[in-house]
Amino acid sequence: MTIQSNPLLIHCGIEKVSSYLSIPSNLSSLLPKDRISEFQSDDQGCAFKVQGGITISLVFSERNEQGIRYMSGLRPSSINFILLKRPKSLFS
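To keep things clear, this report deals only with the structure shown in the data block. Keep in mind the model is a prediction, meaning the values are calculated, not measured.

1. Description of the overall build of the protein chain
- Along its length, the protein chain carries one helix and five strands.
- For the protein chain, buried positions account for 20% of its 92 residues.
- Accessible surface computed for the protein chain: about 7100 Å², of which carbon and sulfur atoms make up 53%.

2. Comments concerning the pattern of salt bridges
- If you walk through the whole model with that rule in mind, you get three salt bridges.
- Measuring nitrogen to oxygen at the nearest pair gives 2.0 Å for the salt bridge that ties Arg 63 to Glu 15. With Arg 63 in strand β3 (residues 54-63) and Glu 15 in helix α1 (residues 14-21), this residue pair connects regions lying 48 residues apart in the sequence.
- The exposure class of Glu 15 is partly exposed, given its relative accessible area of 47%.
- The closest approach of N and O atoms between Arg 69 and Glu 62, which form a salt bridge, is 3.4 Å.
- Since its relative accessible area comes to 26%, Arg 69 is described here as partly exposed.

3. With respect to the nonpolar core
- Core analysis: the biggest nonpolar cluster contains 11 residues, these being Val 17, Leu 21, Leu 27, Leu 31, Ile 36, Cys 46, Phe 48, Ile 56, Leu 58, Ile 68 and Tyr 70.
- Broken down by secondary-structure element, the contributors of at least two residues to this core are α1, β2 (45-50), β3 and β4 (67-72).

Calculation rules
- Residues numbered from 1 in each chain as written.
- Predicted model: local features only at pLDDT ≥ 70, side-chain atom pairs only at ≥ 80, totals over all residues.
- Heavy atoms only, no water.
- Helix = DSSP H or I, 4+ residues; strand = E, 2+ residues; numbered from the N terminus.
- Buried < 20%, exposed > 50% of the residue type's maximum accessible area, 1.4 Å probe, protein only.
- Areas by Shrake-Rupley, 256 points an atom, 1.4 Å probe, with all protein chains shown as cover.
- Salt bridge = Lys/Arg side-chain N within 4 Å of Asp/Glu carboxyl O.
- Core = buried A, V, L, I, M, F, W, Y, C linked by side-chain atoms within 4.5 Å.

Now the structure itself:
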């Protein structure tokens, strides 16, 4: 299953956004506060509970010119969290 969100235009440089989102603790700013609890993070990843009691664990995997990737930190779940970079021209 793939869950996608609508594109979001961010008014700052791509390098600044990439650096910010490469820090696992900063992912909390992307999550809906009313559906997430027990957010924890360290230098390598983060974990949190979603509504319904399911724990999601993400480990930073890579940052490259296409985007940022976090991989599932718990087995047997297979969650990949990928943020893709797109040029501003694609939003017009």
